[in-house]
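# Topology and contacts: notes
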Amino acid sequence: MKGEAAHQLIEAAERALAARDFATALALLSQSEAMTGATERTAMLRAAALRASGDLGGALGALDDVLAGQPYHFVALLSKGAILEQAGSGTAAVEVYRNAIKIAPPAERVPPSALRQLESARAVVDQAALALRDHLQTATADLRGDIRGQDLPRFDEAVDIFVGLKRAYVHEPLLLNYPQLPAIPFFDRSHFPWLEDLEAASGDIESEMHAALATASDDELAPYIQYPRGAPVNQWGELNHSRRWTSYFLWKDGACQEGACLQCPRTSAILERLPMCDQPGFAPTAVFSALQAHTHIPPHTGSSNVRLLVHLPLLLPGPARFRVGNETRAWKMGEAWVFDDSIEHEAWNDAASTRVILIFDVWNPLIPAGERQLISRMLAAYKQFQA
């Protein structure tokens with residue numbers, strides 16, 4: 001009986017709160033708690049009534065009662081941050097908001113009222129981060145003129161990560177994570193003296209690419225993403241078995257595709273002169289990658305950080321972007337780059353027609369020759385074990 005009576009009092013308190021009769025709501029909550037004790041529900045309602053009536057200290061106390069038992073209570077944290085912000089305690093509010101944002105459920109599971117507060121919290125946290133970044137940049141401005149080259153962008157990225165505007169990207173390979181290698185999104189060209197020769201051959205490669213794709217069968221120019229039916233596709237649902245992203249392989253998983261290499265003899269000869277990755281059953285891979293108009297390749301990672309990928313653009317009908325970690329670049333005809341695909345990356349073709357890139361893998365130059373042999377032998381043994 002007491003439980004039912006307490007429940008009715010709580011419902012009456014909710015109605016009073018909705019009618020903005022805060023004194024009645026608080027009195028009803030006290031009666032309910034006298035019967036069955038305080039609960040999360042009564043404490044959250046009490047906090048709402050006290051805040052609405054102007055008793056911010058009391059509201060914070062009620063929320064702290066909830067958080068004492070449930071430190072990861074999302075709505076309680078969000079509410080506490082809002083009250084601290086309202087009370088003028090901006091720094092404390094930002095810290096509480098940060099904790100709420102970290103544990104926020106997916107947007108579709110957040111009540112509309114809390115979703116609005118969550119968006120506001122994110123804006124407050126971002127504003128605080130921007131203010132801190134400006135302060136740190138001002139404090140170091142006199143030293144910036146003495147810094148040249150890669151060090152300055154790296155420092156700026158470090159500041160953005162430090163204040164919370166960006167995240168620190170690390171290796172997240174699907175297969176092999178080789179230790180003690182730095183997570184470098186785009187490698188400096190000095191590691192690859194052959195890049196100029198590759199770029200000089202762009203015209204020959206482009207010509208063979210056009211001829212190959214014009215006559216390729218559906219099997220030769222196939223969807224890049226091909227998960228079997230019933231497999232979890234995660235972010236690949238839209239592109240799975242889709243011809244919006246197709247691939248024409250010259251080398252695939254360490255095997256030369258003879259028909260494609262015969263179709264593109266000059267491209268094949270150029271690739272064979274380059275230090276492509278040698279991992280039987282896994283690499284080298286070389287492919288003409290075609291992405292249709294207005295198509296986005298979602299964030300993902302590759303198989304291993306022992307290899308890097310080379311991109312050489314062959315067909316750019318308009319703007320096309322590529323992000324690795326915190327760095328986004330636009331492709332330019334005749335310019336290749338080398339990146340670590342074990343770091344999260346994504347691509348966009350913003351143009352009105354198809355974009356084509358030559359992609360192939362090379363050894364990570366920071367791995368000595370002896371270790372490369374060990375890695376190749378180890379991966380071959382793994383392939384054999386899995387057979």
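Structure: see above.
### Section: unusual backbone geometry
The amide bond that connects Ala 283 to the next residue, Pro 284, takes the cis arrangement and shows omega of 10°. Structurally, the position occupied by Pro 284 is in the loop between α12 (265-272) and β4 (286-291). The backbone phi angle of Arg 20 is positive, close to 65°, even though this residue is not glycine. Tracing the backbone through its elements, the reader meets Arg 20 in the loop between α1 (2-18) and α2 (22-36). Phi angles above zero are rare outside glycine, and Asp 253 is one such case at about 50°. Relative to the assigned elements, Asp 253 resides in the loop between β2 (245-252) and β3 (255-256).

### Focus on the environment of His 241
Its location among the elements puts His 241 in the loop between β1 (221-223) and β2. Between the C-alpha atoms of His 241 and Gln 226, which are 15 residues apart in sequence, the distance is 5.1 Å. Here His 241 is in contact with Pro 223, Ile 225, Gln 226 and Tyr 227, once residues within four sequence places are set aside. From its side chain, His 241 meets the backbone oxygen of Tyr 227 in a polar contact 2.6 Å long.

### Quick notes on helix α4 (residues 56-69)
With 14 residues, α4 extends 21 Å between its outermost C-alpha atoms, agreeing within 8% with the 20 Å of an ideal straight helix rising 1.5 Å per residue. Inspection of α4 places Leu 56, Ala 59, Leu 60, Ala 62, Leu 63, Val 66 and Leu 67 among the buried residues, and these make up the whole buried set. An end-on view of α4 places all buried positions within 160° of arc, on one side of the element. Away from the buried face of α4 by more than 90 degrees, exposed residues Gly 57, Asp 65, Ala 68 and Gly 69 are located. Packed against the buried residues of α4 are α3 (40-52) and α5 (74-86).

### Some remarks on helix α13 (residues 369-386)
In a regular helix each residue adds 1.5 Å, so 18 residues correspond to 26 Å; α13 covers 26 Å between its end C-alpha atoms and thus fits that length. The set of residues buried in α13 consists of Ile 375, Ser 376 and Leu 379. Buried residues in α13, looked at end-on, bunch into an arc of 100°, giving them a common side. Seen from the buried face of α13, the exposed residues on the opposite side, beyond 90 degrees, are Gln 373, Leu 374, Arg 377, Gln 384 and Phe 385. Looking at the buried residues of α13, the elements they touch are β11 (355-363).

### Side note on the side chain of Thr 246
Inspection of the secondary structure assignment puts Thr 246 in strand β2. Not counting chain neighbours up to four residues away, the residues in contact with Thr 246 comprise Leu 221, Ala 222, Pro 223, Tyr 224, Phe 288, Ser 289 and Ala 290.

### Concerning the side chain of Asp 341
Note that Asp 341 resides in the loop between β9 (337-339) and β10 (345-349). A distance of 3.0 Å separates a polar atom in the side chain of Asp 341 from a polar atom in the side chain of Arg 307. Leaving out residues up to four positions away in the same chain, Asp 341 has contacts with Thr 301, Gly 302, Ser 303, Ser 304, Arg 307 and Leu 309.

### Thoughts on the pattern of salt bridges
Side chains that differ in charge, positive against negative, can pair when their charged atoms come close. Throughout the structure, instances matching the rule amount to 19 salt bridges. Of the charged contacts in the structure, one is a salt bridge between Asp 64 and Lys 80, with a shortest N-O distance of 2.9 Å. Of the two residues, Asp 64 sits in helix α4 while Lys 80 sits in helix α5, which places them 16 residues apart along the sequence. We note a salt bridge from Asp 361 to Arg 307, for which the minimum N-O separation is 3.2 Å.

### Some words on the packing of α5 against helix α7 (residues 112-144)
For the pair α5 and α7, interaxial distance at closest approach is 10 Å and the crossing angle is 55°. As summarised for this structure, α5 and α7 are arranged oblique, according to the angle between their axes. Both α5 and α7 take part in a crossing whose hand is left-handed. Of α7, the residues touching α5 (which contributes Phe 74, Leu 78, Ala 82 and Glu 85) are Ala 114, Gln 117, Leu 118, Ala 121 and Val 124. Grouping the constituent residues of the contact of α5 with α7 by class yields seven nonpolar, one polar and one charged.

### Some remarks on the sheet that holds strand β8 (residues 327-330)
An order of β5-β10-β7-β8 is seen for the four strands of this open sheet, with the pairing classed as antiparallel. Across the chains shown, the open sheet's two edge strands, defined by having one partner strand only, are β5 (295-300) and β8. Put simply, the sheet's adjacent strands are angled 10° from each other on average, direction ignored. Pairing between strand β7 (residues 320-324) and β8: four bridges, direction antiparallel. Bridge pairing in β8 places Arg 321 opposite Ala 330.

Analysis parameters
- Every chain is numbered independently, its residues counted from 1 as its sequence is written.
- Residues qualify for local features only when their pLDDT is at least 70, as the model is predicted, and side-chain atom pairs are given and counted only at 80 or more; totals for whole chains, interfaces and linings, by contrast, use all residues.
- For the side-chain quantities, the full set of heavy atoms in the structure was used; hydrogens and water were omitted.
- The way it works is that DSSP assigns letters per residue, a run of H or I at least four long becomes a helix, a run of E at least two long becomes a strand, and they are numbered from the N terminus.
- Whether two residues touch is decided by their heavy atoms; if any such pair falls within 4.5 Å, the residues are in contact.
- Within 3.5 Å is the distance limit for a polar contact, defined as a pair of N or O atoms, with the added protein rule that one can donate a hydrogen and the other accept it, and that residues adjacent in sequence qualify only through two side-chain atoms.
- To estimate the expected span of a helix, count its residues, drop one, and scale the result by 1.5 Å.
- Between buried and exposed lies partly exposed: a residue is buried under 20% and exposed over 50% of the maximum accessible area for its type, with that area taken using a 1.4 Å probe on protein chains only.
- The arc under discussion is defined with respect to the helix axis, by the directions toward the C-beta atoms.
- The term salt bridge refers to a side-chain nitrogen of Lys or Arg lying within 4 Å of a carboxyl oxygen of Asp or Glu.
- For helices, the fitted line uses only the C-alpha atoms of the stretch in contact; every axis is such a line through C-alpha atoms, and the angle between N-to-C directions lies from 0 to 180 degrees.
- For classification, angles of less than 35 degrees are called roughly parallel, those exceeding 145 degrees roughly antiparallel, those between 65 and 115 degrees roughly perpendicular, and all remaining angles oblique.
- Definitions for this section: a left-handed crossing has its near helix turned counterclockwise from the far helix by less than a right angle. A right-handed crossing has that turn clockwise.
- Here the term charged refers only to Asp, Glu, Lys and Arg, the term nonpolar to Ala, Val, Leu, Ile, Met, Phe, Trp, Tyr, Cys and Pro, and the term polar to all other amino acids, Gly among them.
- Pairing between strands is defined by DSSP: at least two bridges between them are needed.

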